[in-house]
Amino acid sequence: MSKHLLLDLSFDICEKLFAKLKLKNFIVKQVFHWIYQKNIYDFNKMTNISLNNQKIIKQNFAIILAKIIDINIDKKHKTFKFLVQFHDKNSIEMVVMKFGYGWTICLSSQVGCSMQCKFCASGMKIKKRDLTPGEFVMQYLLAKKYIFDQFHERITNIVIMGIGEPFDNFTNLVEALKIITNPYGMAIGPNHITVSTCGICPKILQLAKLMPKINLAVSLHAPNDAIRKQLMPINNAYNLNLLLRTCKKYCHLTKKRITFEYILLENINDHKTDAIELIKKLKGINCYVNLIPYNEINECKFARSKKINIFFNTLKQNKILVKIRQERGGTINAACGQLRIKYEDDRK
Ligand code: SF4
């Protein structure tokens, strides 16, 4: 009989499986505490569990670990970019950053990405596979240990904005979020978690219904279909009007503000007329716009906009809540996917 992979299991599923094995309910809590609070993955070291129960757990469950194989550090901005390798040698990136309010980790959701956004290094690599719930969770556990060992501090916020489209891996995403938010798991409040999507409309509403307290960020990057289509093939499936209508519904269902991400690309989407069109499109949506200065990368033809301030001021003067994203990790291949591409190129 194959073993259950423990890191893939939510607390509720684990309770059911333990009950079938006649293991008492409190033992699930003990196992979760060892794994998620103490970073102990060896059942033999879970010393408050009897030897007999340890044996039953070992016979039925396994934990597959991952490892950090490269780290790039931007000391000035306290930003760490990790390359994480899974058991099948596939690798993804995660980034950990220190902000005024604490540490935030940016998790990947897939190995590669099928969405093919034209400005993105991750989109250069076709998706190889989805991450399992345990692989979402493993990223956090590795980073948590690293940051605790270095700084004696905790990571308190999670954004799922790394390699991959989280909603293209929806079932595993939801299972991972259950573990992340469970009080016996990683115990991170849903308000401290943001999931980002390129705009898969049905999943936006599904998440709103399943987990209404999780924050949502939507990659907009254009004020109309003509520009968005050039940048994001997903716009052919879900156009801008449909996306914005869905976002309105999301705000209504969750009573939350939505974040729109907008990467400013020179002479593509950064004209004052684009800002004015965007303002009109966002009317009536409880939102906040995050303007992102573009990190130029060899693999893409786009250039960083020089009109960020004009764009910002136009939005602000028209009462749109707007911010320019703080730049971090410019020296460490900060665009998602770049470190993995570099690693894979180096191996060729
Ligand atoms: S921006 Fe996100 S959704 Fe688009 S290709 Fe990159 S990783 Fe995928």
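Before reading further, recall that the structure is shown in the block above.
The model shown is predicted, which means the values in this text are computed figures rather than measured ones.

## Details of the pattern of salt bridges
Okay, step 1: What the rule picks out here adds up to 12 salt bridges.
Okay, step 2: K307 is the salt-bridge partner of D270, the closest N and O atoms lying 3.5 Å from each other. Of the two residues, D270 sits in the loop between strand 12 (258–264) and helix 9 (272–282) while K307 sits in the loop between strand 13 (287–293) and helix 10 (308–317), which places them 37 residues apart along the sequence.
Okay, step 3: Exposure remark for D270: the relative accessible area of 1% places this residue in the buried category.
Okay, step 4: What makes K307 partly exposed here is its relative accessible area of 26%.

## Points about the packing of aromatic side chains
Okay, step 1: A complete count under the given rule lists 14 aromatic pairs for this structure.
Okay, step 2: Here F80 and F82 contribute two aromatic rings whose centre-to-centre distance is 6.4 Å and whose plane-to-plane angle is 20°, an arrangement assigned as stacked. Note on accessibility: F80 and F82 belong to one class, buried.
Okay, step 3: With a centroid separation of 5.9 Å and 50° between ring planes, the pair formed by F80 and W103 is classed as tilted. Here F80, found in strand 4 (residues 79–85), pairs with W103, found in strand 6 (residues 102–106); they are 23 residues apart in sequence, far enough to count as distant.

## Examining the pairing of strand 9 (residues 155–160)
Okay, step 1: Within strand 9, five of the six residues are buried, which leaves it mostly tucked inside the rest of the structure.
Okay, step 2: Pairing of strand 6 with strand 9, which is carried by four bridges, proceeds in the parallel orientation. Residue pairing in the sheet places I105 in a bridge with I158 of strand 9.
Okay, step 3: In this structure, strand 9 lies alongside strand 10 (residues 193–197), joined through three bridges in parallel fashion. Counted as the bridge partner of I160 is V195 from strand 10.

## Thoughts on helix 10
Okay, step 1: For helix 10, the set of buried residues is I308, F311, F312, T314 and L315. Buried positions in helix 10, seen along its axis, are confined to an arc of 165° and lie on one side of it. Exposed residues on helix 10 whose side chains face more than 90 degrees from its buried face are N309, K316 and Q317.
Okay, step 2: Where helix 10 is buried, its residues touch strand 12, helix 9, strand 13 and strand 14 (322–324).
Okay, step 3: Phi turns positive one or two residues past the end of helix 10, at K319, with a value near 65°.

What counts as what
Residues numbered from 1 in each chain as written. Predicted model: local features only at pLDDT ≥ 70, side-chain atom pairs only at ≥ 80, totals over all residues. Heavy atoms only, no water. Salt bridge = Lys/Arg side-chain N within 4 Å of Asp/Glu carboxyl O. Helix = DSSP H or I, 4+ residues; strand = E, 2+ residues; numbered from the N terminus. Buried < 20%, exposed > 50% of the residue type's maximum accessible area, 1.4 Å probe, protein only. Phe/Tyr/Trp six-rings, centres within 6.5 Å; stacked < 30°, edge-to-face > 60°. Pairing = 2+ DSSP bridges. Arc of directions from axis to C-beta. Contact = heavy atoms within 4.5 Å.

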